[in-house]
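What follows is each chain in one-letter form.
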Amino acid sequence: MEAAALYERFENNLDIIFGYIKKGLDVRTTPYHITMPLEVNLLCDVLNHKGFDFTVTKDGFDALSEFHDLFMKDSKRVYEAMHQILEDKRAYLRTPEGTVLLKEQLIRRLEYFNEIAHSMEVIARLQQLGSPLQYNYPFLNK
């Protein structure tokens, strides 16, 4: 999916993910509770490069809830900053691994949220249809 489409779908993707988490979708066999806070923090770093002060302190899915609240308070300004980042082909961001293009870093975060939203929709659909569990781990049956 192109960056423009990911940019346009970001709020919708965020709402889909947040909605399924609030509903208690069973995603215990996914790594989302670990990867989501990492991705949220990376997105905050990108946005902070444009003058925001987004800091997420919570772990697990609470990190997404905290980011969702921050985003909803100032979504118009966030979208303007994202648009500027996507238009700027020369802005760089220093990371512990080296220097990366700010635009590429943003696109990767937008892709992540798009993929997670799609995955959660599939998981929800499978659970609604009563599909047999693809896993049977004793610790999940508690």
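Anyway, here's the lowdown on the structure attached to this text. (Residues numbered from 1 in each chain as written. Predicted model: local features only at pLDDT ≥ 70, side-chain atom pairs only at ≥ 80, totals over all residues. Heavy atoms only, no water.)

Observations regarding the packing of aromatic side chains
Phase 1: Under the criterion given, the structure shown has eight aromatic pairs.
Phase 2: When the centroid spacing of 6.3 Å and the interplanar angle of 25° are considered together, the rings of Phe67 and Phe71 count as stacked. Taken together, the residues Phe67 and Phe71, both in helix H3 (residues 61-73) and four residues apart, mark about one turn of the helix. This pair shows no difference in class: Phe67 is buried, exactly as Phe71 is.
Phase 3: Ring geometry for Tyr112 versus Phe113: centroids 5.5 Å apart, planes at 85°, classification edge-to-face.
Phase 4: Cluster of aromatic residues (ring-pair linked, three or more members): Tyr7, Phe10, Phe52, Phe54, Phe67, Phe71, Tyr79, Tyr112 and Phe113. (Phe/Tyr/Trp six-rings, centres within 6.5 Å; stacked < 30°, edge-to-face > 60°. Helix = DSSP H or I, 4+ residues; strand = E, 2+ residues; numbered from the N terminus. Buried < 20%, exposed > 50% of the residue type's maximum accessible area, 1.4 Å probe, protein only.)

As for the side chain of His68
Phase 1: Looking at the secondary structure, you find His68 in helix H3.
Phase 2: Its relative accessible area of 8% is what places His68 among the buried residues.
Phase 3: Within the local environment of His68, its side chain forms a polar contact with the side chain of Asp15, the two groups lying 3.1 Å apart. (Polar contact = N/O pair within 3.5 Å; in protein donor to acceptor, adjacent residues only side chain to side chain.)

Focus: the pairing of strand E2 (residues 98-101)
Phase 1: Two elements, strand E1 (residues 92-95) and E2, share four bridges in a ladder whose sense is antiparallel. Residue pairing across strands places Leu93 opposite Val100, the latter belonging to E2.
Phase 2: Taking the residues between adjacent antiparallel strands as the criterion, E1 and E2 are bridged by two residues. (Pairing = 2+ DSSP bridges.)

Everything listed here is a matter of coordinates, which is why it stays silent on function.
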